[in-house]
Amino acid sequence: MKREDFVWTIGYQDDVAIVDGPARKRYRNKSAEELLQEGLYRAAFCAAVYDDQTEDFLPRFVEQTGIKAGTTEYLQRLYGVFGIPRGVRKVSVIG
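Throughout this document, residue positions are counted from 1 along each chain, in the order its sequence is written. For a predicted model such as this one, the threshold for reporting local features is a pLDDT of at least 70, and the threshold for listing and counting side-chain atom pairs is 80 or more; totals across whole chains, interfaces and linings nevertheless cover every residue. Each side-chain value is derived from all of the structure's non-hydrogen atoms; neither hydrogens nor water enter the calculation.

1. Considerations on the nonpolar core
We define a nonpolar core as any set of buried Ala, Val, Leu, Ile, Met, Phe, Trp, Tyr and Cys residues linked to one another through side-chain atoms lying within 4.5 Å. When accessible area is computed with a 1.4 Å probe and restricted to protein chains, residues below 20% of their type maximum are described as buried, those above 50% as exposed, and intermediate ones as partly exposed. Core analysis: the largest hydrophobic core is formed by 23 residues, its most contacted members being Trp8, Leu35, Phe57 and Leu75. For this core, the elements supplying multiple residues, two or more each, are helix H1 (3-7), helix H3 (32-37), helix H4 (41-50), helix H5 (54-65) and helix H6 (72-79). With 7 residues, the single largest contributor to this core is H4. In this text, helices come from DSSP runs of H or I with a minimum length of four residues, and strands from runs of E with a minimum of two, each type numbered from the N-terminal end.

2. Looking at the sheet that holds strand S2 (residues 16-20)
The 3 strands lie next to each other as S1-S2-S3, forming an open sheet whose pairing is mixed. What marks the edges here is a single partner per strand, and that holds for strand S1 (9-13) and strand S3 (90-94). On average, adjacent strands in this sheet sit at an angle of 25° to one another, irrespective of strand direction. Only when DSSP finds a minimum of two bridges between them are two strands counted as paired. Whenever a helix is involved, its axis is fitted only over the stretch in contact; in every case the axis is a line through C-alpha atoms, and angles between N-to-C directions fall within 0 to 180 degrees.

3. What about the packing of H4 against H5?
Viewed as axis vectors pointing N to C, H4 and H5 meet at an angle of 165°, and their least axial separation amounts to 9 Å. The angle between the axes of H4 and H5 places the two elements in the roughly antiparallel class. Crossing geometry of H4 relative to H5 is assigned as right-handed. In contact with Tyr41, Ala44, Phe45, Ala48 and Val49 of H4, H5 contributes Thr54, Phe57, Phe61, Gln64 and Thr65. We call Asp, Glu, Lys and Arg charged. Ala, Val, Leu, Ile, Met, Phe, Trp, Tyr, Cys and Pro are nonpolar, and the rest, Gly among them, are polar. Class assignment of the residues belonging to the contact of H4 with H5 gives a composition of 7 nonpolar, 3 polar and no charged. Working rule for angles: under 35 degrees goes down as roughly parallel, over 145 as roughly antiparallel, 65 to 115 as roughly perpendicular, anything else as oblique. Left-handed describes a crossing in which the near helix is turned anticlockwise from the far one by less than a right angle; the clockwise case is right-handed. Contacts were defined at the residue level, with two residues in contact if any of their heavy atoms lie within 4.5 Å.

4. Observations regarding H4
Of all 10 residues that make up H4, 7 are buried, and the element is covered over most of its length. Lining the buried residues of H4 we find H1, H3, H5 and H6. The first or second residue beyond H4 is aspartate 52, which carries a positive phi of 55°.

The values reported here are purely geometric and, on their own, carry no functional implication.
See below:
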């Protein structure tokens, strides 16, 4: 799964990732930090997960949002993102 598809996935149906097309186009190639500054917290966390930077992301997230997230597991539960799914075979872009 490509990074931009993972960051902007809004759900899954079987082996298909449903992707927010307009957001993906508008914020293409933004880093987790840039997405965080834009207030796109879930997308920023997804970018950090994909880039394997969740430990570095956590303190910046807490500082930016004021949410007292003590661990990356907290953010995983908050956003429902636990990693890059392996069973995705297709991407469906909506919007």
